[in-house]
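Next come the chains, spelled out residue by residue.
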Amino acid sequence: MYEKLTIHELRDKIKNKEVTIKEVVDDVFKRIEALEPKVEAFVTLNKEYAYKRAEELQAKLDNGDNIGILGGIPVAIKDNMCMKDTLTTCSSKMLSNFVSPYSGTVVTKLEEAGAIIVGKTNMDEFAMGSSTATSAHKKTTNPWDTERVPGGSSGGSAACVAADMAIASLGSDTGGSIRQPASYCSVVGLKPTYGLVSRFGLIAFASSLDQIGPFTKDVRDSAIMLNAIAGHDSKDTTSVEIEVPDYEKALDGSVKGLKIGIPTEFIKDGLNPEVKKAFDEAIEKLKELGAEVKEISLDYAKYALPVYYIIAPAEASSNLARYDGIKYGYRTANFDNLEDIYANSRTEGFGDEVKRRIMLGTYVLSSGYYDAYYKRAGQVRTLIKEDFDKAFADVDVIALPTAPNTTFKFGEKSNNPVEMYLEDIFTVPVNIAGLPGISVPCGFDSKNLPIGLQFIGKVFDEQTLLKVSYAYEQNTEHHKARPNI
Ligand code: GLN
């Protein structure tokens with residue numbers, strides 16, 4: 001039963017010796033063994049490592065030592081985060097044999113905080129997708145309805161937390177890959193400000209957009225996870241040198257006088273009526289709690305999707321050039337010369353979605369089209385960012401739905417990539433502008449499928465984001481519902 005608890009519930013029980021760390025790990029692995037055939041959230045399980053860690057941590061605790069803010073807590077990480085001596089595949093055939101020789105900064109930080117990394121989770125190949133169905137390994141299901149996708153690209157990380165197969169997890173978010181699956185699986189998903197969490201050891205998709213963040217069962221846990229992973233890292237030149245506050249302290253339960261902006265015009269098109277209803281009810285609740293709601297306009301946000309689908313593939317085509325069949329990763333067996341090794345390794349190693357992005361990216365970066373596409377996308381990116389700056393002169397946070405719809409069935413959108421891209425409409429502007437965003441559970445549709453409420457904050461103002469999310473959560477019941485799996 002310990003797998004059902006949150007980080008903050010467990011940390012007290014572990015500290016007070018009401019439960020041993022081994023018992024917690026036992027319960028989590030029992031749950032994984034029971035549900036993995038149905039959910040398929042994991043690419044790799046670290047069982048041996050987990051028990052060894054449990055023993056070490058327990059010995060430390062029994063010795064009266066401090067075991068850290070995540071001491072003994074079983075967490076999972078997305079399979080695009082390098083962990084020393086552990087398979088790190090990005091759910092791609094290209095990296096199916098890649099055992100990382102080093103640990104990324106978030107992994108080191110989790111370990112320093114006392115966490116036990118129980119496994120690596122399934123994802124869309126190289127984090128490209130919104131369904132986790134582009135994984136080369138398996139199809140992760142949504143614990144709320146196993147005929148449906150968990151969202152993506154961090155679907156495994158969202159599903160394992162929703163199904164109590166890990167107490168918390170990490171995902172990465174380039175255009176919504178933490179927030180959208182959090183919304184589809186009814187968990188809390190936080191994408192921090194660009195530069196708050198180190199990307200060292202995160203396999204790059206689109207370097208100017210990627211950011212690592214936590215999936216948790218509630219907002220307090222999100223703050224605790226952020227406390228563990230945030231902070232400057234000299235190994236990541238885009239990591240920002242700022243004082244990191246104690247995010248848990250920001251959770252005072254009040255939204256009185258807080259100004260919340262709603263971009264009514266931007267969100268009105270294509271919004272599923274049931275999602276709209278849940279969103280409107282959430283806003284009413286926030287008003288009731290004393291927040292002041294103001295209309296704002298984000299005129300350029302409607303261009304965020306085309307801008308994203310130029311910038312992200314452009315950066316991806318450059319980042320993925322390193323997979324050449326020579327240095328590491330998959331190498332074709334069919335070759336007569338060097339050219340063949342390159343071409344055949346890439347042809348056989350990458351899936352369709354990855355190839356689509358590489359082609360798009362190579363095209364928009366080619367000398368004849370660079371100005372028309374990539375350069376222009378960069379200019380519109382600035383306009384989108386300025387829209388947010390203007391809005392934030394007036395409001396403390398912005399609220400909007402996380403995704404226009406609830407989860408869809410396998411295969412439903414896979415024939416039309418553009419339809420899949422539209423699921424990101426409310427999440428990509430946040431990455432384009434480098435802002436923090438969070439998705440919290442805000443209800444269910446008539447099929448009992450989860451709906452997410454998104455808050456967007458000012459740069460490095462995760463505190464206000466967590467504060468408003470916490471106040472909303474503590475005055476609603478949605479986060480308490482668990483899937484019947
Ligand atoms: N769904 C978006 C894409 O396919 C976002 C992915 C992500 O955030 N990693 O690019």
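Residues numbered from 1 in each chain as written. Predicted model: local features only at pLDDT ≥ 70, side-chain atom pairs only at ≥ 80, totals over all residues. Heavy atoms only, no water.

Engineer: So what exactly am I meant to see when it comes to the overall build of the protein here?
Structural biologist: Within the protein, the secondary structure is distributed over 16 helices and 11 strands. In summary, the protein has a C-alpha radius of gyration of 21 Å against a globular reference of 23 Å for 485 residues, a match within 12%. Sequence separation of at least 24 residues holds for 75% of the intrachain contacts in the protein that already meet a minimum separation of 6. If you sum the accessible surface of the protein, you get close to 18,300 Å²; carbon and sulfur atoms cover 49% of it. One finds the centroid of the 56 positive side-chain charges in the protein at a distance of 0 Å from the centroid of its 68 negative side-chain charges. (Helix = DSSP H or I, 4+ residues; strand = E, 2+ residues; numbered from the N terminus. Rg over C-alpha atoms; globule rule 2.2 N^0.38 Å. Contact = heavy atoms within 4.5 Å. Areas by Shrake-Rupley, 256 points an atom, 1.4 Å probe, with all protein chains shown as cover. Lys, Arg positive; Asp, Glu negative; His and termini not counted. Charge placed at Lys NZ, Arg CZ, Asp CG, Glu CD.)

Engineer: What is the right way to read the site of the ligand from this model?
Structural biologist: Surveying the vicinity of the ligand reveals 15 residues, the closest of which are Thr174, Gly175, Ser177, Tyr308 and Arg357. Separating an oxygen atom of the ligand from a backbone N or O atom of Thr174 is a distance of 2.7 Å. Side-chain polar atom of Asp424 to a nitrogen atom of the ligand: 2.8 Å apart, as the coordinates give it. A total of 300 Å² of accessible area belongs to the ligand in isolation, and the protein chains cover 100% of it. Counting atoms within 2 Å of the grid points, the majority share of the ligand lands in the largest cavity. Broken down by class, the residue content of the shell around the ligand amounts to 5 nonpolar, 7 polar and 3 charged. (Near = heavy atom within 4 Å. Polar contact = N/O pair within 3.5 Å; in protein donor to acceptor, adjacent residues only side chain to side chain. 1 Å grid on protein atoms, 1.4 Å probe; cavity = no way out; pocket = protein on both sides within 12 Å on 5 of 7 lines; lining within 4 Å. Sits in = over half its atoms within 2 Å of the grid points. Nonpolar A, V, L, I, M, F, W, Y, C, P; charged D, E, K, R; others polar.)

Engineer: Looking at this structure, I do not really get the sheet that holds strand E6 (residues 211-216). What am I missing?
Structural biologist: Across a sheet, paired strands are connected by hydrogen bonds in the backbone, their directions being either parallel or antiparallel. Ordered in space as E1-E3-E2-E4-E6-E5-E10-E11-E9-E7-E8, the 11 strands form an open sheet in which the pairing is mixed. Both edges of this open sheet fall to strand E1 (42-45) and strand E8 (292-295), since each of them pairs with a single strand only. Looking at each pair of strands side by side, their axes are set apart by 30° on average, direction ignored. Strand direction decides the pairing type here: strand E7 (residues 259-262) and E8, joined by 4 bridges, are parallel. (Pairing = 2+ DSSP bridges. Axes fitted to C-alpha atoms, helices over the stretch in contact; angles between N-to-C directions.)

Engineer: Help me understand the pattern of salt bridges, please; the structure alone is not making it clear to me.
Structural biologist: Any two side chains of opposite charge can pair, on the condition that their charged atoms come close. Taken as a whole and assessed by the stated rule, the structure comprises 30 salt bridges. The partner of Asp252 in a salt bridge is Lys467, and the shortest N-O contact between them spans 2.9 Å. Here Asp252, found in the loop between helix H7 (219-229) and E7, pairs with Lys467, found in helix H16 (residues 462-474); they are 215 residues apart in sequence, far enough to count as distant. Judged by its relative accessible area of 48%, Asp252 is partly exposed. Where Lys327 meets Asp324, a salt bridge forms, and the shortest distance between an N and an O atom there is 2.8 Å. One network of salt bridges, in which partners are shared, links Arg31, Asp164, Lys217 and Arg482. (Salt bridge = Lys/Arg side-chain N within 4 Å of Asp/Glu carboxyl O. Buried < 20%, exposed > 50% of the residue type's maximum accessible area, 1.4 Å probe, protein only.)

Engineer: So what exactly am I meant to see when it comes to the state of the cysteines here?
Structural biologist: Simply put, the disulfide is a covalent bond whose two ends are the sulfur atoms of two cysteines. Applying the stated criterion across every chain, the model contains 0 disulfides. Residue Cys160 stays outside any disulfide, its sulfur separated by 9.5 Å from that of Cys185, the closest cysteine. Given the relative accessible area of 0%, Cys160 is considered buried. In this structure Cys185 comes out as buried when scored by relative accessible area, which is 1%. (Disulfide = S-S within 2.5 Å.)

Engineer: I would appreciate a short explanation of the pairing of E7 in the present structure.
Structural biologist: For a regular strand, the rule is simple: side chains alternate between the two faces of the sheet. One ladder, built from 2 bridges, connects E7 with strand E9 (residues 397-401); its direction is parallel. Residue pairing in the sheet places Gly261 in a bridge with Ile398 of E9.

Engineer: Whenever I open this one, empty space enclosed by the protein confuses me. Can you help?
Structural biologist: Unoccupied space between atoms shows up once a probe the size of one water molecule is rolled over them. Taken as a whole and judged by the stated rule, the model has 1 cavity of 30 Å³ or more. Put simply, the largest cavity is a space of about 80 Å³. Ala127, Gly129, Ser177, Tyr308 and Asp424 are, among the 14 residues lining the largest cavity, the residues nearest its centre. Looking at side-chain class alone, the lining of the largest cavity contains 5 nonpolar, 7 polar and 2 charged residues. (Points joined across faces, edges and corners; volume = space filled by probe spheres on them.)

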